Amino acid sequence: MVILRTILFYAVLILQIRLMGKRQLGQMEPTEFVVAILIANLASIPLEDPDHSVWSGLLPMITILAAERFLSWISLKNIRIRRLLCGKPVILIENGHLLRTNLRRTRVNLDELTSQLREQGVLEIETVQYAILETNGAVTVFPFPAFQPASAKDAGVEASAQELPYTVISDGHILSENLLHVGKDPHWLSDFLSGKGCCASDVMLLSVTPGGKTHLIRRDVPSSDSGNS
């Protein structure tokens, strides 16, 4: 019974995290962080005490999830509610100067701020035009234009447009829907694999761009083939 309960609550927790959105896996808003903690605690109650019914844990978890979904919907519709629940971005550095009042208000110390700057490749505060504390706790840094890496446009170089590669074969499995995205069909794939002397089960990864550029990695083979079709 304990094993079955554990499997059930594990499945429900995974489902709830998925329903709360993919951004739960990264930085979380304050309301989302509270929901994650509550759900974990509620799930532990019937697991630790077999005398509690399964529904004593499931019903509060479902209620919390429904409340979170409702608050998310309200936040999308009303900016005041969104700011009340999530706060708003705060400028910490402006034109190379620390805004000490904002640092104190957000309780961000200099060690935390400089650590965030170093993570984004910035060593000197004077080179930062804006540093903004986002609502999810991350710090977005905008150096002065003179300290930003030169782009192809700045260098007068004509850069070709990038194309998104789609995975057509993953670990021996053909992803038919991605073939359609790149304008290919199963006959093209069969001919391509025959030309490489392999079949789908021999392929760890095959990616294709809409322009026809391919990248092939075979199973248990360190080298890879790439080219244009």
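Computed from a predicted model, the values in this text were never measured in an experiment. Just so you know, the residues in each chain are numbered from 1, in the order the chain's sequence is written. Owing to the predicted nature of the model, reporting of local features is limited to residues with pLDDT of at least 70; listing and counting of side-chain atom pairs is limited to 80 or more, with chain, interface and lining totals taken over all residues. Excluding hydrogens and water, the side-chain figures rest on all heavy atoms present in the structure.

For this analysis, a ring pair means two rings from Phe, Tyr or Trp (six-membered ring only for Trp) whose centres lie within 6.5 Å, classed as stacked if their planes differ by under 30 degrees, edge-to-face if by over 60, and tilted for the remaining angles. By the definition in use, this model includes 2 aromatic pairs. Both rings, one in tryptophan 188 and one in phenylalanine 192, keep their centres 5.3 Å apart while their planes meet at 15°; by these two values the pair is stacked. With a gap of 4 residues between them, tryptophan 188 and phenylalanine 192 both fall in helix α8 (residues 186-195), about one helical turn apart. When sorted by exposure, tryptophan 188 lands in the same class as phenylalanine 192, which is buried. Put simply, DSSP H or I for four residues or longer makes a helix, DSSP E for two residues or longer makes a strand, and each gets a number counted from the N terminus. Only protein chains enter the accessibility calculation, which uses a 1.4 Å probe. A residue is then buried if its area is under 20% of the maximum for its type, exposed if over 50%, and partly exposed in between.

Moving on, we get to a nonpolar patch on the surface. A grouping of Trp55, Leu59 and Ile62 is seen on the molecular surface, where their side chains present a nonpolar patch of about 340 Å² in accessible area. In this fold, tryptophan 55 is placed in helix α3 (residues 55-77). Patch criteria: residues need more than 30% relative accessible area and no salt bridge. Like-charged residues are merged within 9 Å; nonpolar side chains of Val, Leu, Ile, Met, Phe, Trp and Tyr are merged within 5 Å. The accessible surface values rely on the Shrake-Rupley method and a 1.4 Å probe; as for residues, cover is taken only from the protein chains in view. The salt bridge definition used is simple: a Lys or Arg side-chain nitrogen within 4 Å of an Asp or Glu carboxyl oxygen.

Bringing the side chain of threonine 209 into the picture now. Among the structural elements, threonine 209 can be located in the loop between β7 (203-208) and β8 (213-218). We call two residues in contact when some of their heavy atoms are within 4.5 Å. Contact partners of threonine 209, with chain neighbours within four places excluded, come to Glu163, Leu164, Pro165 and Val182.

Attention shifts here to the side chain of serine 207. With respect to the helices, strands and loops of the structure, serine 207 is situated in strand β7. A residue is classified by how much of its surface remains accessible, and serine 207, at 13% relative accessible area, is buried. Those residues in contact with serine 207 that sit more than four places away from it in its chain are Pro165, Tyr166, Thr167, Val168, Lys213, Thr214 and His215.

Moving on: the state of the cysteines. Count a disulfide wherever a pair of cysteine sulfur atoms falls within 2.5 Å. Considering all chains together, one arrives at 0 disulfides under this definition. The cysteine cysteine 199 is free of any disulfide, with cysteine 198 supplying the nearest cysteine sulfur at 6.8 Å.

Of note, asparagine 95 is a non-glycine position whose phi angle comes to about 55°, a positive value. Of note, asparagine 95 is situated in the loop between β1 (90-94) and β2 (97-98). Here asparagine 95 falls in the partly exposed class, since its relative accessible area comes to 37%. Of note, aspartate 171 is a non-glycine position whose phi angle comes to about 55°, a positive value. One can find aspartate 171 in the loop between β5 (166-170) and β6 (173-174). Residue classification places aspartate 171 among the partly exposed positions, given a relative accessible area of 41%.

Before going further, it helps to spend a moment on the pattern of salt bridges. Here the structure, examined in full by the defined rule, presents 1 salt bridge. Residue arginine 219 is joined to aspartate 171 by a salt bridge in which the shortest nitrogen-to-oxygen separation is 3.0 Å. With arginine 219 in the loop between β8 and β9 (224-228) and aspartate 171 in the loop between β5 and β6, the pair connects residues that are 48 residues apart, well separated along the chain.

Treat this as a map of the structure, not an account of what it does.
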